[in-house]
Amino acid sequence: MLIFINKETNMFIRLKNIILLIFLSSCLNLVSMQMPTRIAICVSGTGSNMLAIADAVKNQIITNAEIAVVISNRRAAPALEKAKNHEIKTAYIPNTTENYSQALIDCLQKNNVTPENGLICLAGFMKLLDKEFVTTFKDRILNIHPSLLPAFPGLDAIGQALAAQVTKTGCTVHMVDEGMDTGKPLGQTEIEIAPNDTHETLEAKMHTAEHELYCRVIEEFINSKAQK
Ligand code: GRF
């Protein structure tokens, strides 16, 4: 009889422990799911995409994320001034910096942007990232390019499309690898080129499409990471 009671008590304790373990692990999952993604935005130019992303985070169009820092390789980039005006932390890493990748990694680490919690969004960042950086932040770097890749990679994609006299172009958000605009595309938006479009008018259309696309892809990207 005593043995029987002991067995039952034992089983009860085991069951209690299992339930406790399941409860604790789901609590842990919940905590890690709620940790906001730390977004770093790398810029060299005017910063309209950077502002669109920052606004989308602020207005909860991009959810469960925060802007950690805006980094530029150009001190005079208007994007830096815009970020400061929006009370976003900024950093400047000049092109002349020895071992640029390491300097970038150090800056990200200082701002608590890690390969586990971070997302690096290139938005008009005129610098090719090397293998060391891309490997460190594997699957965590996005870029926006003003063409329907693989068409018109590289510099002045808008000018390239106009020179080629195509009637349609667009923008692409893609993963970043070591190549120039060669990473896997995550989203594209098409834009009609009107016969009277100039570089300026097409660029304006491009920016409108880019802002919507980039924010939408970032939101989808963060959600897909959270589900893994
Ligand atoms: C965008 O057209 C983007 O596609 C390209 O550089 C431009 C940056 O514009 N990579 P902005 O600085 O975001 O206004």
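Before reading further, recall that the structure is shown in the block above.
What counts and how
- Residues numbered from 1 in each chain as written.
- Predicted model: local features only at pLDDT ≥ 70, side-chain atom pairs only at ≥ 80, totals over all residues.
- Heavy atoms only, no water.
- Core = buried A, V, L, I, M, F, W, Y, C linked by side-chain atoms within 4.5 Å.
- Buried < 20%, exposed > 50% of the residue type's maximum accessible area, 1.4 Å probe, protein only.
- Helix = DSSP H or I, 4+ residues; strand = E, 2+ residues; numbered from the N terminus.
- Contact = heavy atoms within 4.5 Å.
- Pairing = 2+ DSSP bridges.
- Axes fitted to C-alpha atoms, helices over the stretch in contact; angles between N-to-C directions.
- Polar contact = N/O pair within 3.5 Å; in protein donor to acceptor, adjacent residues only side chain to side chain.
- Arc of directions from axis to C-beta.

Visitor: Explain the nonpolar core here, please?
Guide: Across soluble globular proteins, nonpolar side chains show a tendency to be buried alongside one another. Grouped together as the largest cluster of nonpolar side chains are 42 residues, with contacts concentrated most on Ile39, Ile53 and Ile218. The dominant element in this core, judged by the number of residues it contributes, is helix 7 (residues 199-226), at 10 residues. With near-sequence residues (within four places) excluded, Ile39 lies in contact with Val57, Ala65, Glu66, Ile67, Ala68, Val69, Leu119, Cys121, Ile218 and Ile222. Counting 23 residues, the second largest nonpolar core, distinct from the first, contains Tyr100, Ala103, Leu122 and Phe125.

Visitor: How should I be thinking about the sheet that holds strand 2 (residues 65-72) in this particular structure?
Guide: Two orientations exist for strands paired in a sheet by backbone hydrogen bonds: parallel and antiparallel. Spatially, 3-2-1-4-5-6-7 is the arrangement adopted by the 7 strands of the open sheet, whose pairing is mixed. At either margin of the open sheet sits one strand with a lone partner, and together these are strand 3 (90-92) and strand 7 (185-192). On average, each strand axis in the sheet is inclined to that of its neighbour by 20°, with strand direction left out of account. As defined by bridge partners, strand 1 (residues 37-43) adjoins strand 2 across 7 bridges and the pair is classed as parallel. Its bridge partner lying in strand 2, Ala40 is registered against Val69. The strands that helix 2 (residues 48-58) touches are strand 1, strand 2, strand 4 (118-122) and strand 5 (141-145); relative to strand 2, the one it contacts most, it runs at about 160°. Against the sheet, helix 3 (residues 78-85) touches strand 1, strand 2 and strand 3, its axis set at about 155° to strand 3.

Visitor: Mind showing me how you'd approach the side chain of Thr172 here?
Guide: The residue Thr172 is located in strand 6 (residues 168-175) in this model. Exposure remark for Thr172: the relative accessible area of 0% places this residue in the buried category. Within polar-contact distance, the side chain of Thr172 engages the backbone oxygen of Ser147 at 2.6 Å. A distance of 3.0 Å separates the side chain of Thr172 from the backbone nitrogen of Leu149, its partner in a polar contact. Beyond its immediate sequence surroundings of up to four residues, Thr172 is in contact with Asn143, Ile144, His145, Ser147, Leu148, Leu149, Pro185, Gly187, Gln188 and Leu213.

Visitor: Honestly, helix 3 in this entry has me stumped. Any pointers?
Guide: Taken residue by residue, helix 3 has Ala79, Leu80 and Ala83 as its buried positions. All buried residues of helix 3 fall inside an arc of 100° around its axis, so they share one side. Each element contacted by the buried residues of helix 3 is listed here: strand 1, helix 2, strand 2 and strand 3. Downstream of helix 3 by one or two residues, Glu87 has phi in the positive range, about 55°.

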